[in-house]
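# An overview of the molecular structure
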Amino acid sequence: MPMDRRAFLVTSAAATLGSNTTDAEEPNPNPSSYRIKPVQAWDPVKDTFQPYFPYGWYSFGCAARIEEIHENGANTALYASMGAHDWQRTDTLKRLEVARKLGVKVVIGISGAVVGRVVLGKPETYGVIPQYVKTFNKHPAVLGWQLGDEFSAEAAPRINDAVVLLKQLGSKHPTWQVHPHTWGDAQVRKLMAKTDVCTFDGYTYLESLGEFHTHASARVLAWQQAKADLIQSEGWAGNVNVTQAVGCKCGTAKFRFPTAREYRWNVFSAIATAGARGTMNWIYAYSGGFYANDPKRFFRFRDEVVKPVNLEQKRIARGMETGYNVGAVTTNHDRLTTTAIPAAGGGHRKYNSVGRILLHDAKARKYSLVVTNNEPEQLDITVKLDKLPRPLKALAATEPRTGRKLPIRLIGDGSLRLLDRLPGYGVAIYEMDSKG
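Here we summarise the structure given alongside this text. (Residues numbered from 1 in each chain as written. Predicted model: local features only at pLDDT ≥ 70, side-chain atom pairs only at ≥ 80, totals over all residues. Heavy atoms only, no water.)

## Observations regarding the overall build of the chain
Each helix and strand in the chain was counted, giving 10 helices and 20 strands. The globule rule puts the C-alpha radius of gyration for 436 residues at 22 Å, and the 21 Å found for the chain is close to it. Its C-alpha atoms give the chain principal-axis dimensions of roughly 70 × 50 × 40 Å. Within the chain, buried positions represent 58% of all 436 residues. In the chain, of all internal contacts separated by at least 6 residues, the share reaching a separation of at least 24 is 75%. Between the centroid of the 56 positive side chains of the chain and the centroid of its 41 negative side chains there is a distance of 4 Å. (Helix = DSSP H or I, 4+ residues; strand = E, 2+ residues; numbered from the N terminus. Rg over C-alpha atoms; globule rule 2.2 N^0.38 Å. Buried < 20%, exposed > 50% of the residue type's maximum accessible area, 1.4 Å probe, protein only. Contact = heavy atoms within 4.5 Å. Lys, Arg positive; Asp, Glu negative; His and termini not counted. Charge placed at Lys NZ, Arg CZ, Asp CG, Glu CD.)

Here it is as structure tokens:
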């Protein structure tokens, strides 16, 4: 099955191996304080919206089975490149019923070949879009519409017309776009003029690069840092992190799967440092030439690397939706990294040495404090908490993944302090009970 990423190999290889483009912009002076809007799920029956934290998988069309997505601990599937064949529409309807029963949401990705032809006021250019809206718009499992894939700026008029068309046809589901990190801000602004949810991808893990090589891990977070500034300034939703979940040779590029440490850090550093409001993996595939001779390679990555992180995201999901970035959180390492970021087109920023964000799940009466060490060396970290919306039930935190228990100290100015030691590129998610 062919990949539907425009110039995927050229973009990925150039981004990974280097570029002559430099970024002369000054770093964001306060790089960990984002208030990026969440993805919104529209209920067509009640005509209401609820914040939604998507974490899941891209799929070639409706190839990935919803049961497998759910078993993997994910809550979202994105069916890319839809609209080329009528069987995709009928098959997706069946998958949506399974999704509804399992509580999984689906983003319908309309093929770029369809979206790229839309001229508002010329119905002969609309392709399958009216039929898709009629078929899918009122289904409770639908989350949104993705418009093509990695369009370049000259396509902006067609994408903007497609968004207006969807709204004219009665859809209030959010519209999504995905861009490579190598796109510049001006290009993304043109593309996103009418779109709601902005997502970025970066595939940088090659066989030739060792674990946490700066051309892979550090560069991805530096890109995400710059894109967070752009997304917040423009008022878009999401800043969804499209992670690399491909580990085979594609064309001439020899990709490898991220290690478990790299993948976990990539997911949670984007959330805690760069304000990501979702995580979608590219791509769910174990056939069609990707892993045809050894599908177990994909299964191992899916089940041993991605699933544990999905289950951790499940624990923080309601906090990400309804109690995002609460209180005031500071650390003793609130300074920009000294890591030298390799040259990269599209804009990049130095990021905070430590990522940190506090979430509150009022229903479960639980705080989740996500902290990432964004440096290669071990750090002794002091986290200071102030202005909590609800007081703590006890001066203690637990880390469910390791079973560790840590004391929290009340210090003289009325703030709370937690001490820990994290290895290089380590991630900790501390849980604390709140009152009432």
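## A few points about the side chain of serine 111
Locating serine 111 in the fold gives a position in the loop between strand E5 (105–110) and helix H4 (112–115). A distance of 3.1 Å separates a polar atom in the side chain of serine 111 from the backbone nitrogen of alanine 113. The residues contacting serine 111, other than those within four sequence positions of it, are Ser81, Met82 and Gly148. (Polar contact = N/O pair within 3.5 Å; in protein donor to acceptor, adjacent residues only side chain to side chain.)

## Quick word on the packing of aromatic side chains
This model, assessed by the stated rule, comprises 20 aromatic pairs. Each ring, one from phenylalanine 212 and one from tyrosine 425, has its centre 4.2 Å from the other, and the planes form 5°; the classification is stacked. One end of the pair, phenylalanine 212, is in the loop between strand E8 (197–201) and helix H8 (217–234); the other, tyrosine 425, is in the loop between strand E19 (416–422) and strand E20 (427–433), and 213 residues separate them in sequence. Of the two residues, phenylalanine 212 and tyrosine 425, neither departs from the other in class, the shared state being buried. One Lys or Arg, arginine 277, reaches over the ring of tyrosine 324 and ends 3.5 Å from the middle of that ring. (Phe/Tyr/Trp six-rings, centres within 6.5 Å; stacked < 30°, edge-to-face > 60°. Lys NZ or Arg CZ within 6 Å of the ring centre and 35° of its normal.)

## Things to note about the packing of H8 against helix H9 (residues 260–274)
At a minimum axis separation of 10 Å, H8 and H9 run at an interaxial angle of 25°. Compared by their axis directions, H8 and H9 come out roughly parallel. Taken as a pair, H8 and H9 cross one another with a handedness that is right-handed. Mapping the contact onto sequence places Ser217, Val220, Leu221, Gln224, Gln225 and Ala228 in H8 and Glu262, Trp265, Asn266, Ser269, Ala270, Thr273 and Ala274 in H9. Within the contact of H8 with H9, the residues separate by chemical class into 6 nonpolar, 6 polar and 1 charged. (Axes fitted to C-alpha atoms, helices over the stretch in contact; angles between N-to-C directions. Parallel < 35°, antiparallel > 145°, perpendicular 65-115°, else oblique. Left-handed = near helix turned anticlockwise from the far one by under 90°. Nonpolar A, V, L, I, M, F, W, Y, C, P; charged D, E, K, R; others polar.)

## Thoughts on helix H5 (residues 129–136)
Listed in full, the buried residues belonging to H5 are Ile129, Tyr132, Val133 and Phe136. End-on, the buried residues of H5 take up no more than an arc of 100°, which puts them together on one face. Where the residues of H5 are buried, they touch strand E4 (76–82), helix H3 (86–102), E5, H4, strand E6 (142–147) and helix H6 (156–168). (Arc of directions from axis to C-beta.)

## Examining the sheet that holds E4
Backbone-to-backbone hydrogen bonds join strands into a sheet, with any given pair of strands oriented parallel or antiparallel. With parallel pairing, the 8 strands of this closed barrel are ordered in space as E3-E4-E5-E6-E7-E8-E9-E12. Averaged over all pairs of adjacent strands, the angle between their axes in this sheet comes to 30°, without regard to strand direction. As judged from the 5 bridges shared by strand E3 (residues 55–60) and E4, these two strands associate in the parallel manner. Bridge pairing in E4 places phenylalanine 60 opposite alanine 80. On top of the sheet, H8 reaches E8 and strand E9 (237–244); it is set at about 160° to E9, its chief contact. Helix H10 (residues 295–322) contacts E3, E9 and strand E12 (279–284) of the sheet and is inclined by roughly 140° relative to E3. (Pairing = 2+ DSSP bridges.)

## So, the environment of alanine 394
Tracing the sequence through the fold places alanine 394 in the loop between strand E16 (379–386) and strand E17 (396–399). Taking the C-alpha atoms as reference points, alanine 394 and glutamine 187, 207 residues apart in sequence, are found 49 Å from one another.

## Let's talk about the pattern of salt bridges
Tallying each qualifying case throughout the model produces 23 salt bridges. Ionic pairing is found between arginine 264 and glutamate 312, a salt bridge with its closest N-O pair at 2.8 Å. Taken together, the residues span a long stretch of sequence, with arginine 264 in helix H9 and glutamate 312 in helix H10 at a distance of 48 residues. The pair arginine 264 / glutamate 312 is uniform in exposure class, with both members buried. (Salt bridge = Lys/Arg side-chain N within 4 Å of Asp/Glu carboxyl O.)

## As for the pairing of E9
Among the 8 residues that make up E9, 8 are buried, leaving the element largely enclosed by the rest of the structure. Bridge analysis of E8 against E9 gives 5 bridges, and the strand direction is parallel. Paired with cysteine 198 across the two strands is glycine 238, which belongs to E9. With H8 bridging E8 and the parallel E9, this β-α-β connection has right-handed handedness. Looking at chain direction, E9 and E12 are connected through 4 bridges and run parallel. Bridging across to E12, threonine 243 finds its partner in asparagine 281. (Right-handed = clockwise from strand over helix to strand, strands pointing away.)

Don't take any of this as a statement about function, it's just geometry.
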